[in-house]
Amino acid sequence: MNRPPDLTDPLVLFMPSGKRGRFPRGTPILDAARELGVYVESVCGGRATCGRCQVVVQEGAFAKHKIVSSSDHVSPIGPKEMRCAEKRRVLEGRRLSCAATIEGDLVIDVPQDSVVNAQIVRKAAVDRLIERDPAVQLCYVEVDQPDMHKPLGDLDRLKAMLEKDWGWQDLLVEQHLLSKVQGILRKGNWGVTAAIHQDMETARPTIIDLWPGLHNEAYGIACDIGSTTIAMHLVSLLSGRVVATSGAANPQIRFGEDLMSRVSYVMLHPEGRGAMTKAVRDAISDLARRVCEESGVDPDDILDAVFVGNPIMHHLFLGIDPTELGQAPFALAVSGAVHSWASEIGLKINYGARVYVLPCIAGHVGADAAGATLSEGPHRQDRMMLLVDVGTNAEIVLGNSERVVAASSPTGPAFEGAEISSGQRAAPGAIERVRIDPVTLEPRFKIIGSERWSDEEGFAEEADKLGITGICGSAIIEVVAQMYLAGIVSEDGVIDGTLATRSPRIEQTGRTYSYLLHDGAQRILVTQNDVRAIQLAKAALYAGIKLLMEKQGVDHVDTICFAGAFGSYIDPKYAMVLGLIPDCDLNEVKAVGNAAGTGALMALLNRDHRREIERTVRRINKIETALESKFQQHFVDAMAIPNKVDAFPKLSEVVDLPARKTTETADGLAAPRRRSREERMARRNRA
Ligand code: FES
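Given the structure is predicted, the values throughout are model-derived calculations rather than measurements. (Residues numbered from 1 in each chain as written. Predicted model: local features only at pLDDT ≥ 70, side-chain atom pairs only at ≥ 80, totals over all residues. Heavy atoms only, no water.)

**Student:** I would appreciate a short explanation of the side chain of H65 in the present structure.
**Tutor:** Looking at where H65 falls in the secondary structure, it is placed in the loop between strand 4 (60–62) and strand 5 (67–69). For H65, a relative accessible area of 18% translates into the label buried. Sequence-distant contacts of H65, defined by excluding residues within four places in its chain, comprise L11, L13 and R20. (Helix = DSSP H or I, 4+ residues; strand = E, 2+ residues; numbered from the N terminus. Buried < 20%, exposed > 50% of the residue type's maximum accessible area, 1.4 Å probe, protein only. Contact = heavy atoms within 4.5 Å.)

So, in structure tokens, the structure goes:
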């Protein structure tokens, strides 16, 4: 722009950012975007050769903005733009913003290909846009040829050109590039593309790789390292498009099923820590290779990688001993965000690629909870949001724009189907949905792999093929809730043995009773112990939530998000009937899928999101449930279904909750004695 704009200059509005400004006629749209801080990709530096800077000119009157926008308000398509369209994919209706100039008022749409779609965020209520501003940028320059009279090195002339064309000052260069730079410049006939990494505005930018000529591919991976599964998105840093999403089992399982057993393994075999770190890093490299293969991407084009994980996965991935996390005071070696190098971590992607790991919230609330927080944004809204990620350790975040608090609760593995007599992982043949007739006490159910209910025609044939093998973790919630609604289980969680006279499905097993859910090749029973295991797990979760609600000074929450695989499968209604979560309008309870992975994706595509979560995590009030004296009382109250003291008025509007009653067990345990047993359980759980 040669002169400052005035009020007679065209007004240009960029969407979806909403940034606007006036610019003299003849200003390239790309320059206007840069001036306003609107991120539009460009690799060739405005030479109209890379095809990356595409925008859409909106047609029509935008009354709210007082702009009439028209494609006549930009310069006509010229020869450069046409040439580029012949070589690169310029989509119908799009213009190259470096070539098209402003000739009148405009509304410009910067296409955001980075829509996180429903496939990635399972059951997400809304698709979302992530505005791009990645930490790595590709910059093409044409470097002056060497001149005996100006003995400036090849690399120095390259840096000078990157400053002149792209404004990069004070560039650092990766050591491994020094030996390659001369060959690359000559191979590209002095045209070269540099990948430049700059995470924080205040940090010195670094050239992390070089290619001869125009290189038009840059990718990143966003990875959630779960204790059971590693999930990965492969994303184009240039378009923001997610090109592949995949998952793999975490090979650390061979060192221990759950987190604590892996910490114990390290404690008992200090030499095994290296093997666990190597196992997870190798699995991530393998998964990166696989997503690249699936989408025809060269792993060498992966230039940035963002990771989230629970504190123990976080430590093991970074090669840190997690022993301290296995005992009070659960000290993290590092809680802030970690910046590292792929080469340092041994990831088989571009040698110069950068690694960013989101901050951990506390010793039991990890970078995965930080990722989920970034994704769902309790800190960005006024309503009180409860965010729960249920695993062996439930991570709980509660808050709004004023204040956010977080804790973890020791739910144990019951929700994952472990500790349940017929529990199993979600796999074909596992029961996933259950209904029980309150009059006949007869069940009907659905199994994974079949669309039919068990009382529908054709089910038996399908079940013959699949088998009916057990109850998956999410269904156990539904079974126990249905047993409660049908009056089989009392408020205290006791299976009512007197019903054995009414139904053969109530079976006596020793001193307690069980409910026969399926009688076949495999008998599937819900035992008194199963109900107890679920009660213990749900009481731990609810007690943690209740503590956080008290810290926030609220008696209800406005909205509830269930993150993680478990949350995607459970029916929120039954979770509430059992009292896993507090009373809330059921329309406000949603499953948000792998929110931790979505948070990693956001941090990969936009540096501002990294700063946002770093700031937010510093502000989060961390609550250690083990130190809170009220946890035990909340736990005991939450052993009841749905809860001994808390009411569920919103739930009662849509579900007929049974009248409160207590039932004696076959061995005659009375309520006071049961209470004391529950208290012992509470103490054991806390210990
Ligand atoms: Fe490369 Fe426009 S910036 S084509």
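**Student:** Help me understand the sheet that holds strand 31 (residues 589–593) in this model?
**Tutor:** In sheet architecture, strand pairing relies on hydrogen bonds along the backbone and comes in two forms, parallel and antiparallel. One open sheet holds the six strands; their spatial order is 31-30-20-21-22-32, and the pairing between them is mixed. The outermost strands of the open sheet, each flanked by one partner alone, are strand 31 and strand 32 (621–622). Inspection of the sheet shows strand 22 (residues 404–409) paired to strand 32 by two bridges, in the parallel sense. Its bridge partner being in strand 32, A406 is matched across the sheet by K622. (Pairing = 2+ DSSP bridges.)

**Student:** How should the pattern of salt bridges be read in this particular structure?
**Tutor:** Oppositely charged side chains may form a pair once their charged atoms are brought near each other. As enumerated under the stated definition, the model contains 29 salt bridges in all. A salt bridge links R611 to E614, with the nearest nitrogen and oxygen atoms 3.1 Å apart. Of this pair, R611 and E614 both sit in helix 16 (residues 607–619), separated by three residues, roughly a single helical turn. Connected through shared salt-bridge partners, D199, D304, R610, R611 and E614 make up one network. (Salt bridge = Lys/Arg side-chain N within 4 Å of Asp/Glu carboxyl O.)

**Student:** Explain the packing of helix 9 (residues 367–376) against helix 15 (residues 595–605) here, please?
**Tutor:** Helix packing geometry: the angle between the two helix axes and the distance between the axes. Between helix 9 and helix 15, whose axes approach to 7 Å, the crossing angle comes to 75°. Taken together, helix 9 and helix 15 sit at an angle that is classed as roughly perpendicular. Touching D368, G371, A372, L374, S375 and E376 of helix 9 are A595, A596, T598, G599, M602 and A603, all from helix 15. Along the lines of polarity and charge, the residues of the contact of helix 9 with helix 15 split into six nonpolar, four polar and two charged. (Axes fitted to C-alpha atoms, helices over the stretch in contact; angles between N-to-C directions. Parallel < 35°, antiparallel > 145°, perpendicular 65-115°, else oblique. Nonpolar A, V, L, I, M, F, W, Y, C, P; charged D, E, K, R; others polar.)

**Student:** Even after reading the chapter, I still don't get the packing of aromatic side chains, so can you show me in this structure?
**Tutor:** The description of an aromatic ring pair rests on the distance of the ring centres and on the angle between the ring planes. Applying the stated criterion across every chain, the model contains three aromatic pairs. Look at F307 and F317: their rings are 4.5 Å apart centre to centre, the planes differ by 40°, and that puts the pair in the tilted class. One end of the pair, F307, is in strand 17 (residues 302–309); the other, F317, is in helix 7 (residues 311–317), and 10 residues separate them in sequence. Judged by its relative accessible area of 1%, F317 is buried. (Phe/Tyr/Trp six-rings, centres within 6.5 Å; stacked < 30°, edge-to-face > 60°.)

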